[in-house]
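Observations on the three-dimensional arrangement
Okay, here's what each chain looks like letter by letter:
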Amino acid sequence: MKKICLFILALLAITPKTFSQKNNKDFFPDGTKIPNWFLDATKINPSDLGKFYSVTDYGALKDSSIVQTAAIQKTIDEAYRNGGGVIVIPKGTFMSGALFFRPNTHLHVTEGAILKGSDNINDYPKMPSRIEGQSIEYFTALVNAYGINGFTITGKGTIDGNGLKYWEAFWQRRKENPKCTNLEVSRPRLVFIWKCDNVQVQDVKLHNSGFWTSHYYQCNNVKLLDLHIFSPHAPVKAPSTDAIDIDVCTNMLIKGCYMAVNDDAIALKGGKGPWADKDASNGGNENIIIENCDFGFCHGALTSGSEAIHNKNILVRNCTVNNAVRLLWLKMRPDTPQKYEYITVENITGYAKSMIYVKPWTQFFDLKGRKDAPVSYCDNITMRNIDIKCDVFYDMAVTDRDKLTNFTFENLKIEAKNDAMDKSIIKGLKLKNVVVNNKVIK
């Protein structure tokens, strides 16, 4: 009987989800209690948000071949003048350029409806904006919300960026100049939400963005629920179509989403450059929970950087990865001071080329005259209850300007083509029941 009990305990020790679901589900990685706000994934009923304003009542036609920005914006403005309401995209395809939502206005994309972005960049005027860790003038997105607390996007329809023309232009430019930057080719994002609190985006499909798919900057209390975010990586690659870019935000819940894009699925951003931490427009991301999500092809399921200065209390749990290039990617940018701390990835199954990837990211490196390169830190990084196949288990190589401390690998069951592990890279490495290719790593 004693042998049977010991055998059962041994099985439990290598089964993903045992430890964290039982003991840690109520706490952020730094040990603080998760507020009840994160536990409430109740869907918003758009009928509770005010009067419905169908775009077809204000001149929009069910004609997918014409750009109808004016009619759709007229609908938004009319709702605003009347105290607010819900702008409804009915069944059918409606093409538009940049739309600007107003206080107390919301977007509802009906099932079977497509809000389709124009592929003419002139339909997206330049305005003060935020892109790639810089506060600059840039092209507006298809859906824009600035300073609108309580903004929502609902419905089971599709917001489609119609991005093929932009993708082809980017690859043509990259062919002409392999070192060209993202900003050298004019491309709009799909959704840009800036300085908005208490935001909820639910159920919609966000497809084929010309550039980043959804970007949240300086927002608090954002819930993204059951979204389907997609841009292709074949036959034409959709460059830089990050599914969700989190940029100087606090309190975000990303739950039940599917993400497959030709770049990072979830990217934590916040600023770049040798003095990025001194710029008031930059900042950190804190208290981010990503759970019950499914990752298709992506460069990184969770990526910290490449424009990030401080990320804290980031929790990824109960997710599957299918063909992610990296499960966790910590981009160590040598021209930017960085601190990535209290990041936990747990209860994960599937396949990723690299389980964890920590290396210098030197593309577009620029110290801008600073004599001493800044130091970057990763501290209290935990990966546990993970059962995946991968090509490389421990994909790490750092410089003397990168300080890695207090990493914990716990209850890992990994099948890897490359199982090499240089433990000296990390100070304070803890290994608890780590099994790689059926061998216990100690």
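Residues numbered from 1 in each chain as written. Predicted model: local features only at pLDDT ≥ 70, side-chain atom pairs only at ≥ 80, totals over all residues. Heavy atoms only, no water.

As for the overall build of the protein chain
Helix and strand counts for the protein chain come out as 4 helices and 30 strands. For 442 residues, the compact-globule formula gives about 22 Å, and the C-alpha radius of gyration of the protein chain, at 22 Å, lands near that figure. Taken over 442 residues, the protein chain has a buried fraction of 55%. Considering only residue pairs separated by 6 or more positions, the protein chain has 74% of its internal contacts joining residues 24 or more positions apart. For the protein chain, the accessible surface area stands at approximately 18,000 Å², while carbon and sulfur atoms represent 51% of it. Taking the average location of the 55 positive side-chain charges in the protein chain and that of its 46 negative ones, the two points are 4 Å from each other. (Helix = DSSP H or I, 4+ residues; strand = E, 2+ residues; numbered from the N terminus. Rg over C-alpha atoms; globule rule 2.2 N^0.38 Å. Buried < 20%, exposed > 50% of the residue type's maximum accessible area, 1.4 Å probe, protein only. Contact = heavy atoms within 4.5 Å. Areas by Shrake-Rupley, 256 points an atom, 1.4 Å probe, with all protein chains shown as cover. Lys, Arg positive; Asp, Glu negative; His and termini not counted. Charge placed at Lys NZ, Arg CZ, Asp CG, Glu CD.)

Concerning the pairing of strand β16 (residues 220-225)
Burial within β16 is extensive, with 5 of its 6 residues counted as buried. Examined bridge by bridge, strand β13 (residues 197-202) and β16 share 5 bridges and lie parallel to one another. Its bridge partner lying in β16, V199 is registered against V222. (Pairing = 2+ DSSP bridges.)

Description of the nonpolar core
Among the nonpolar cores identified, the biggest contains 103 residues, and F295, L327 and F393 are the most heavily contacted of them. Sequence-distant contacts of L327, that is, excluding residues within four places in its chain, are made with A301, L302, V321, V345, I348, A352, S354, M355, M383, I386 and I388. One finds I34, F38, L253 and I289 within the second-largest nonpolar core, a separate group that totals 7 residues. (Core = buried A, V, L, I, M, F, W, Y, C linked by side-chain atoms within 4.5 Å.)

Notes on helix α3 (residues 69-81)
In a regular helix each residue adds 1.5 Å, so 13 residues correspond to 18 Å; α3 covers 18 Å between its end C-alpha atoms and thus fits that length. The complete set of buried residues in α3 reads T69, A71, I72, Q73, T75, I76, D77 and A79. Packed against the buried residues of α3 are β1 (52-54), β2 (85-89), β3 (92-96), β4 (99-101), β5 (105-109) and β6 (113-117). Phi turns positive one or two residues past the end of α3, at G83, with a value near 100°. (Expected span 1.5 Å × (residues − 1).)

A short note on the pattern of salt bridges
The tally for this structure, following the rule as stated, stands at 17 salt bridges. A salt bridge links R333 to D335, with the nearest nitrogen and oxygen atoms 2.8 Å apart. For R333, a relative accessible area of 4% translates into the label buried. By relative accessible area, D335 is classed as buried at 2%. The closest approach of N and O atoms between E346 and R384, which form a salt bridge, is 2.7 Å. In this pair, E346 sits in strand β26 (residues 338-360) while R384 sits in strand β27 (residues 376-396), placing the two residues 38 residues apart along the sequence. For the pair formed by E346 and R384, the shared burial category is buried. Each of K43, D203 and D226 takes part in a single network of salt bridges with overlapping partners. (Salt bridge = Lys/Arg side-chain N within 4 Å of Asp/Glu carboxyl O.)

Comments concerning the environment of E132
The residue E132 is located in the loop between β7 (126-131) and β8 (134-139) in this model. Using a relative accessible area of 10% as the deciding quantity, one classes E132 as buried. Between the C-alpha atoms of E132 and T349, which are 217 residues apart in sequence, the distance is 31 Å. Beyond its immediate chain neighbours, meaning those up to four positions away, E132 contacts N182, L183, F211, W212, K272 and E307.

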